[in-house]
Amino acid sequence: MSVYFLCLVLFSIGLYCVLRRRNIIKIIIGISIMEYAVNLFFILIGYRWHGRAPLLSQNQEVLRMVDPIPQELILISIVIGLSVLALLVAIAIKIFDKYNTFDITKIRKLKG
Amino acid sequence: MLELQLLLLFMISAAIIAVEAKDMISSVIALGTVGIGLCLGFLLLKAPDLAITQLVAEILCLIILIRATLKQDLPLVRDGRWFFNTFSTLCFIVIFLIFVFLALKEISVFGNPEMKIAKEILTGSLDKTGATNFITSVILDFRAYDTLGEATILFAAVIGVAAVMRKIGRNKPRA
Amino acid sequence: MVDSNKKEEIGMSFMVKTVTRLTAVVILLFGIYIVLHGHISPGGGFAGGLIIALSFVQVMIAFGKDIALRKLSEAKAAVLESVGGLLFLTIAALGFLGGHFLINFFASKGRPFTLFSAGTIPFYNIAIAIKVAVGLFSIFIVLVILKRAKKEE
């Protein structure tokens, strides 16, 4: 239970970073931390005491394995997270070219 | 269990450094530390496929972020409503954590998941698909629509990056 | 003297280039190994595709943009990404031979623990690996090329 709670504390650190920082790169870092926390939470849910990795070996009888379905979801989620991060970085670079700053409050002032 | 808690405390401290560090490069490197800790956590939780993928994805993530942060840094500004904003954000996070604590009682205990679908996959997957890596057999046979959707999202992300980064109005005369 | 030195030194230093020349092919082969053995050992299309993309990114960082683009140009990358997606869809549509979309339609799945087993899963792995590798590499190309174009202006 404490492991779940620590994992969500990690999530809330990312949330604080997204809500409170003014630099766009810091916001991207906060989004990445939140994504890592959610990935870890899924794998924690699927863990089983003394379970094995979901792989068969040659002459193996025992079938006490961890849950493969959350692992499958997160395997896809990691690649999606990487491409979304690249998209966010592209948008940040474009904003820097246009306004010459990473500060979101100044970007709001330069509207119109 | 204890090693997992220590690893999580390590990740939390690295995340705090990533949030609070003054210059961008050390912040990005602290983010890389969080990712490597996550990779170790996947190994402890018996997910070797995820550990490989996370390690490689972390390196690419660092390269892309360092390429973006070779610009200027921002100093920490304390304007008039700094204390009010920080206080309200912290209140929001504390309320969030209280609700998390209430909600975690309803979830199944750590280490004993309900494996209704997974039991069928673990027992019958070898006859149905012939693959001995069960994650691959789930990802490309039982739930292959997920992979199809992932391919679509990856394609959309590539198109999105190309559309954002293209040069607009290069030949257009300036008004 | 200074100008001729500058012309030779595109990319990183001599040492980095030598190490890259030795390791890039090994990393590429390791990625291909992980893709092909995805159904009998840890790994698969996603991890292998990321490793293949990383080998190209390493060449691009060490040698500069031009030499990396000579190995895999933008037009070729665009074609290969479409090939990856279409290969996945084609194998999925071939599932109508066995009943419905995305089915593992091979009658005999082969002996387990060998390379040629598990029906359509290795082909799906190859398609996903091409898609992921070329997709991430083309994201990286786009992010680098704009910086270069801005410098030239």
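Residue numbering note: each chain is counted from 1, following its sequence as written. Key to labels: chains lettered from A, ligands numbered from 1, both in the order written. Restriction of local features to residues with pLDDT of at least 70 applies here, the model being predicted, together with a cutoff of 80 or more for giving and counting side-chain atom pairs; totals for whole chains, interfaces and linings are based on all residues. As a rule here, side-chain values cover all heavy atoms of the structure and leave hydrogens and water aside.

Student: Any chance you could explain the nonpolar core here in plain terms?
Tutor: Nonpolar side chains tend toward joint burial in soluble globular proteins. In plain words, nonpolar cores are sets of buried Ala, Val, Leu, Ile, Met, Phe, Trp, Tyr and Cys residues tied together by side-chain atoms within 4.5 Å. The buried label applies to any residue whose accessible area, calculated with a 1.4 Å probe on protein chains only, is under 20% of its type's maximum; exposed applies above 50%, and partly exposed to all values in between. Ranked by internal contacts, the top residues of the largest apolar core, which has 120 residues, are A:L40, A:L44, B:F42 and C:L50. Among the domains, domain 1 (1–72) and domain 2 (117–167) of chain B are the pair contributing at least three residues each to this core. Here, two residues are considered to be in contact whenever any of their heavy atoms come within 4.5 Å of each other. Apart from residues lying up to four places away in sequence, B:F42 is in contact with A:N39, A:L40, A:I43, A:I74, A:I78, B:A47, B:L50, B:A51 and B:Q54. Counting six residues, the second-largest nonpolar core is a separate cluster that includes A:L56, A:M65, B:M115 and B:F134. What fixes the domain bounds is an automatic or database domain assignment.

Student: Can you help me understand the state of the cysteines in this one?
Tutor: Each disulfide is one covalent bond, formed between the sulfur atoms of two cysteines. In what follows, a disulfide is any cysteine sulfur pair within 2.5 Å. Counting across every chain of the model gives zero disulfides over all chains. Of the cysteine sulfurs around A:C7, a residue in no disulfide, the closest is that of B:C39, at 16 Å. Its sulfur unpaired, B:C39 is 13 Å from the next cysteine sulfur, which belongs to B:C61.

Student: Explanation requested: the packing of aromatic side chains in the structure shown.
Tutor: We describe a pair of aromatic rings using the distance from one ring centre to the other and the angle between the two ring planes. Only Phe, Tyr and Trp rings are paired, with Trp represented by its six-membered ring, and only when their centres lie within 6.5 Å; those with planes under 30 degrees apart are stacked, over 60 edge-to-face, the remainder tilted. This model, assessed by the stated rule, comprises twelve aromatic pairs over all chains. Geometrically, the ring pair formed by A:Y47 and B:F110 is stacked, given 5.7 Å between the ring centres and 25° between the ring planes. With one member in each of two chains, A:Y47 in the loop between α2 (24–45) and α3 (68–99) and B:F110 in the loop between α4 (82–103) and α5 (116–129) form a pair that bridges those chains. Per residue, the accessibility class of A:Y47 equals that of B:F110, and both read buried. These aromatic residues form a ring-pair network of at least three members: A:Y4, A:F41, A:Y47, A:W49 and B:F110. Only DSSP runs of H or I reaching four residues or more are called helices, and only runs of E reaching two or more are called strands; each is numbered from the N terminus.

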